[in-house]
Amino acid sequence: MLGPRTASITQALRKRTVAVVATVLATAMMLAGCAGGNDNANGGSGNVSDGSYSTTPTSGDVKTQEFKPKSGSPTATLKIASGSENREVAGAIQKAVDDSKVAVTLDYMGSLDIMNTLENGGGDYDAVWPASSMWISMGDTKHIVKNAQSTSTTPIVFGIAKKKAQQLGWANDDGTTKSVATTDIIDAVQSGQLKFSMTSATQSNSGASAYLAFLTAIAKTGQALTQDDLNKSDVQNSVKTLLSGVDRSSGSSDWLKDMVVANPDRFDAMVNYESLVIQANKQLTKDGKDPLVAIYPADGIAVSDSPLGYVDRGQKTDKAFGEFSKALQSKSAKLLFEESGRRTGLGGVLTYADNAKVKDSFRSEWGINATSSALKTIPMPSADVITSSLSVYQTILRKPSWTVWVVDYSGSMEGQGKDGVVRGLNAALDPDQAKQAHIEPGNDDVNVLIPFSSKAFDPTKTTGTDTSAILNTGSDTRPNGGTDIYAGLEAALKNNMPDDFSKYTTAIVLMTDGQSQTGNKDAFTADYKANGHEVPIFPIMFGEADPSQLNELASLSNAKVFDGRTEDLATVFRQVKGYN
Amino acid sequence: MKIGKSKIIGLAALLVVVLVICGAIAFRGWQQKNTPTPVKTETISGYLGGEKISLFEDQKFLDLAKKNGLDVDYRKAGSLDMMTADRNGMSYLFPSSKVAVEYGKAQKIDTSGADIVFNSPIVIYTHKQVADSLVASGLMSQENGVYHIDMAKAVDAMTNDKSWADVGWKDGYGQFRIDSTDPVKSNSGNEYAALVADVLNGGQPATPDSVQRDSATIQAIFGKSGWMDSSSEDSFNQFLTLGVGSKPMMIGYENQVLDLAVNQPDAWKQVKDDIVIVYPTPTVWSTHMLIPLDDKGHKLLNLLKSDDVQKLAWQQHGFRSANFSGTDGIKRFGVPGTVDQVTSVTELPSNDAMQAIIAILQKQQG
């Protein structure tokens, strides 16, 4: 439940979400010739306006989305493991559901999770829909994926605030851009002129694809990246310099876009799909803010091909899959994809370039270049080089993270709560366990554990891969006493932040199971604002935690709430770590 | 004797009744004769090379199979990959070459029942701008709308790390290369490796010795591509979807574009002015062979070799077969630049040499 005092950012975001969804829906309805207001296309966000839902400050939080045919009952329901960026094409999905009468349920997850799901036999999914074919090819070791077909394409680009891009000399006043090479971007980062946000390369396809394109462009061999290229110290140093420009990370491309849109004054630039730059710009323009200009690195970019493939576990939903998949390829669905900023033409171009609404998305004043000539696509490295590139990213090349774990050890945490926390800390920080999710600590990563009850306990700090001190404190600390999340957060903010913020991506993870006393709330809020570093606070909600208190913190810090009540805490801790 | 009117009517009525009854009986008999006796259908599954999926999903093929008591299912796998995949519950393996069958034999698969089902030449797919640039620079030639690529020149350019600009295509990113599927997993990539090995051996079929001698060059040529799909279907789809920047030139089967033209007319319309089919000089033939693993597999093999399926496979999916492609020319597909006769064909290297090629490329992948 969202409390009445919820910060304005949240409200603004909710409105935006509703507005975007409403536009997409309206379009879908017009095209389908349907009337009526069944709004099942917008999942949880649709009910935000009456406040009956949710624990989520942004649309990027909806983890599962159900689509049902507007009229009649569905002939079948497909469960699909999908990349988060498909939240943005809800209109096309709804249209395909209406036309095929096949209901779909999308579980949003990162590309690596989709790959792992396939490796493990596909779970209970009928289909997978990652952002790139490479995750299916790498994951489908059991040969269970059939009929994978690209639904649309979109390149991974830099979206840079127009003023910034002009300052850098990369954009003209009319939004058209100059040729910018990866080395130019590195120079801008090195001179402190450019910071950007980007999803984690080990958690999300947009981050992984951009990172592989950086490596390939920097190696400058004109061919696919090899293990030898990756081992070169000058290649590693350049990529490290480039990644030092990352000011916020995320496990989800869609959420990254929401984050930038929510605070455009703070974020100059993001690496993301062209389609999400378009979505961001629609919102920014509506808000009267400076739009982002799309920069297509001239020496190599990657393109997402968004394939939808059937997962054959012998469950016999292939017919329904065929119907849904076909409907998604229909002309009207393709038009909706393109209105959402995706390209559906073969060869990476637009099918409906002359359509007014499509033109309204692919705007040249946003630097959007819808021809295929802007796509200097890199040859993707081989699977083993991808795997080792991701490993080097996680352990060496990414910007180090500074994560403060503020964890509730009040009396009510005894038993289940504490068990969950201990498993969660191990899942996120024990190098062997964390490695399975590609979130293992690197040599320069800093982690701090601050247990709290009605006051903050002494912090335990570790630097590097040996996190055993934190894991020990986590399991040795006994739950006792009341709950004051603000005391824990104050301790994190006052005494446990880096001296030089520019060296780290910094985050506070707050885990609590109860409603907090609020005596220290105002003091903390004032201190947070005065601090000026806008460290994101990712609350993990458990037990009887008060959603309004946690939403408020997430809104204050432009972060998001994770729900540990409906999911295993170990899984949730792992996900949170993927955001930093 | 005068027969009364009423009697006539009565007789006529009787006659009608008799006729109707007889007719009904006769019709029922005819009907019974012409209704196929219900066949007990058995479900059959196996591993299938991706380029044949469109056939195996074709309702006409599935109906023919049903008539013969088979409910055909499949799992997609590369021709070589399938030889090491879990065969539990599988009744057939349907790779795209004799090499794969030999490879399977070496993996202790009983390949004694294997037989050739279709043929398809290996071709290269590219885009108009690339094709025309390469014709201008002499790496390719074009005559009456038919494009050929000189493989000796192409291999030479790759060996010497020529860039796309060097070979005439100014907009290309990085080095000249021809992408393929993973030669260790999938047949089309594997046959391309064979072609490269033959060229490096002066146009003679490669031998284990020549492969050893040329191993660094072969590895370097495949190293240019990096990511390689394990299925020709995925590879072709990405070629279509991602456009010229992503896969400027790609190895495939001739049937893939023919199949696209017949079965996805909308997609074909979008790309037909851009896609160019190039016949390598020389090329190799891919022989699609089915290995039955049990009785059901044998039944499927017989079905595939039947005239009905052979005709369907050619007319709807572009697989050449002795009986049909000869009499019913390739022009029927309306795909420009295709030829009825593929004249310049090289022999695949011996099995030993092919195993050597797989081994050196496997080693490269680590």
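Residues numbered from 1 in each chain as written. Chains lettered and ligands numbered in written order. Predicted model: local features only at pLDDT ≥ 70, side-chain atom pairs only at ≥ 80, totals over all residues.

If you look chain B up in an unreviewed UniProt entry, it shows as Bacterial extracellular solute-binding protein from Bifidobacterium vansinderenii.

For chain A, the name recorded in an unreviewed UniProt entry is von Willebrand factor type A (VWA) domain-containing protein, with Bifidobacterium vansinderenii as its organism.

## Observations concerning the overall build of chain B
What counts is decided by this rule: Counting from the N terminus, the helices are DSSP H or I runs at least four residues long and the strands are E runs at least two residues long. Every C-beta atom is placed from the backbone, and the number of other C-beta atoms within 10 Å of a residue's own sets its class: buried at 20 or more, exposed at 12 or fewer, partly exposed in between.
When helices and strands are tallied, chain B shows 15 helices and eleven strands. When burial is assessed residue by residue, chain B has 50% of its 366 residues classed as buried.

## Some words on the overall build of chain A
The condition that has to hold: Here the contact rule is simple: place C-beta atoms from the backbone, and any two residues whose C-beta atoms are within 7 Å are in contact.
Secondary structure summary: chain A contains 22 helices and 18 strands in total. Each of the 580 residues in chain A was classed as buried or not, and the buried ones make up 61%. For chain A, restricting intrachain contacts to residue pairs at least 6 apart in sequence, the fraction spanning at least 24 positions comes to 77%.

## Thoughts on the interface of chain A and chain B
Operational definition: Under the scheme applied, nonpolar residues are Ala, Val, Leu, Ile, Met, Phe, Trp, Tyr, Cys and Pro; charged residues are Asp, Glu, Lys and Arg; polar residues are all the others, including Gly.
At the junction of the two partners, chain A supplies 32 residues and chain B supplies 34 residues. At the level of secondary structure, the elements contributing two or more residues to the side of chain A that touches chain B comprise α4 (133-139), β5 (145-150) and α15 (383-397) of chain A. Top contributing element to the side of chain A that touches chain B by residue count: β5(A), with four residues. Tallied by class, the residues present in the side of chain A that touches chain B amount to eleven nonpolar, 17 polar and four charged.

## Points about the nonpolar core
The cut-off we apply is this: Connectivity within a nonpolar core runs through C-beta atoms within 7 Å, and the core itself is a set of buried Ala, Val, Leu, Ile, Met, Phe, Trp, Tyr and Cys residues.
Core analysis: the biggest nonpolar cluster contains 117 residues, and A:V104, A:A127, A:V128 and A:I295 have the highest contact counts within it. Sorting elements by how many residues they give to this core places helix α7 (residues 205-219) of chain A first, with ten residues. Ignoring sequence-local partners within four residues, the contact set of A:V128 consists of A:I80, A:A81, A:I114, A:L118, A:I136, A:V145, A:G309 and A:V311. In terms of nonpolar packing, the next biggest core, distinct from the first, is built from 101 residues, B:A65, B:A131, B:F176 and B:L290 among them.

## Some remarks on the domain arrangement of chain A
Many authors give the size of an interface as the accessible area that is lost as the parts come together. All names here are of chain A. So the rule is basically this: Residue ranges for the domains originate in an automatic or database domain assignment.
The domain boundaries assigned to chain A delineate domain 1 (8-153 + 305-329), domain 2 (155-302 + 374-392) and domain 3 (400-577). On the side of domain 2, 21 residues touch domain 1, which itself brings 21 residues to the contact. In terms of residues, the side of domain 1 that touches domain 2 owes the most to one element, helix α1 (residues 8-32), which gives four residues. Across the side of domain 1 that touches domain 2, the residue classes break down as nine nonpolar, eight polar and four charged.

## Re unusual backbone geometry
With an omega of -5°, the peptide bond between B:T281 and B:P282 qualifies as cis. Tracing the chain through its elements places B:P282 in the loop between β10 (275-281) and β11 (285-292). Look at A:K220: it is not a glycine, yet its phi comes out positive at around 55°. Tracing the backbone through its elements, the reader meets A:K220 in the loop between α7 and α8 (227-231). The phi dihedral of B:N144 falls on the positive side, at around 50°, and the residue is not glycine. Assignment of secondary structure puts B:N144 in the loop between β7 (140-143) and β8 (146-150). For B:N144, a count of 6 C-beta atoms within 10 Å translates into the label exposed.

## Some remarks on the UniProt feature "domain: VWFA" (unreviewed entry) in chain A
Here is the rule: UniProt positions are given in the numbering used here, feature names are shortened, and annotations may be inferred rather than shown by experiment.
UniProt tags residues 400-577 of chain A as "domain: VWFA" (unreviewed entry). The straight-line gap between the two end C-alpha atoms of residues 400-577 of chain A is 12 Å; of that span, 39% is helix and 19% is strand.

## Focus on the sheet that holds β5(A)
Residues and elements named next belong to chain A. Short version of the rule: Pairs of strands are assigned from DSSP output, requiring at least two bridges between the strands. An axis is simply a line fitted to the C-alpha atoms; with a helix, the fit covers only the stretch in contact. Between two such axes, the angle follows the N-to-C directions and lies from 0 to 180 degrees.
Strand order in the open sheet formed by six strands is β1-β3-β2-β4-β12-β5, with mixed pairing between adjacent strands. Sheet topology places β1 (64-67) and β5 at the edges, where each strand pairs with a single neighbour. Ignoring which end each strand starts from, the neighbouring axes of this sheet average 20° apart. Pairing analysis gives four bridges linking β1 to strand β3 (residues 102-108), with the strands arranged antiparallel. Of the residues in β3, the one forming a bridge with E66 is T105. Packed on one face of the sheet, helix α2 (residues 90-100) meets β1 and β3 and runs near 150° to β3.

## Some remarks on the sheet that holds strand β13 (residues 401-408) of chain A
Sheet strands pair via backbone hydrogen bonds, and the direction of the pair is either parallel or antiparallel. Residue and element names in this part refer to chain A. Taken in spatial order, the six strands make up an open sheet running β15-β14-β13-β16-β17-β18, and their pairing is mixed. Edge positions in the sheet fall to β15 (460-463) and β18 (562-563), since each of these pairs with one other strand and no more. This element, helix α19 (residues 485-495), spans β13, β14 (446-452), β16 (505-512) and β17 (537-541) of the sheet and lies at about 160° to β16.

## Notes on the pairing of β11(B)
Residues and elements named next belong to chain B. β11 sits mainly inside the fold: seven of its eight residues count as buried. Taken together, the six bridges between strand β6 (residues 115-127) and β11 define a ladder with antiparallel strand orientation. Across the sheet, the residue bridging to P121 is W285, located in β11.

## Overview of the confidence of the model for chain B
Put simply, the test is: Scored from 0 to 100, pLDDT records how confident the predictor is in each individual residue.
Here chain B averages 90 in pLDDT, while 89% of its residues score no lower than 70. Confidence metrics for the complex model read pTM 0.85 and ipTM 0.79.

## Some thoughts on the domain arrangement of chain B
All names here are of chain B. According to the domain assignment, chain B consists of domain 1 (42-119 + 287-333) and domain 2 (121-286 + 340-365). Inter-centroid distance (C-alpha atoms) of domain 1 to domain 2 is 24 Å. Of the residues forming the side of domain 1 that touches domain 2, the biggest block, four residues, is contributed by helix α4 (residues 98-106). Split by residue class, the side of domain 1 that touches domain 2 holds nine nonpolar, 14 polar and four charged.

## Digging into the confidence of the model for chain A
Confidence in the prediction for chain A averages 88 pLDDT; 89% of positions are at 70 or higher. Low confidence marks residues 1-60 of chain A, where pLDDT is under 50. Its contacts with residues over four positions away, or in another chain, come to 105 contacts.

## Thoughts on the packing of helix α6 (residues 182-190) of chain A against helix α9 (residues 233-243) of chain A
Residues and elements named next belong to chain A. The following threshold applies: When describing relative orientation, an angle under 35 degrees is termed roughly parallel and one over 145 degrees roughly antiparallel, while 65 to 115 degrees is termed roughly perpendicular and anything else oblique. Left-handed describes a crossing in which the near helix is turned anticlockwise from the far one by less than a right angle; the clockwise case is right-handed.
It is the contact of α6 with α9, at a shortest axis distance of 8 Å, that shows an interaxial angle of 60°. Our classification of the angle between α6 and α9 gives oblique. Crossing hand, α6 versus α9: left-handed. Note on element contacts: α9 touches α6 through S238, T241 and L242, opposite I185, I186, V189 and Q190. Tallied by class, residues from the contact of α6 with α9 come to four nonpolar, three polar and no charged.

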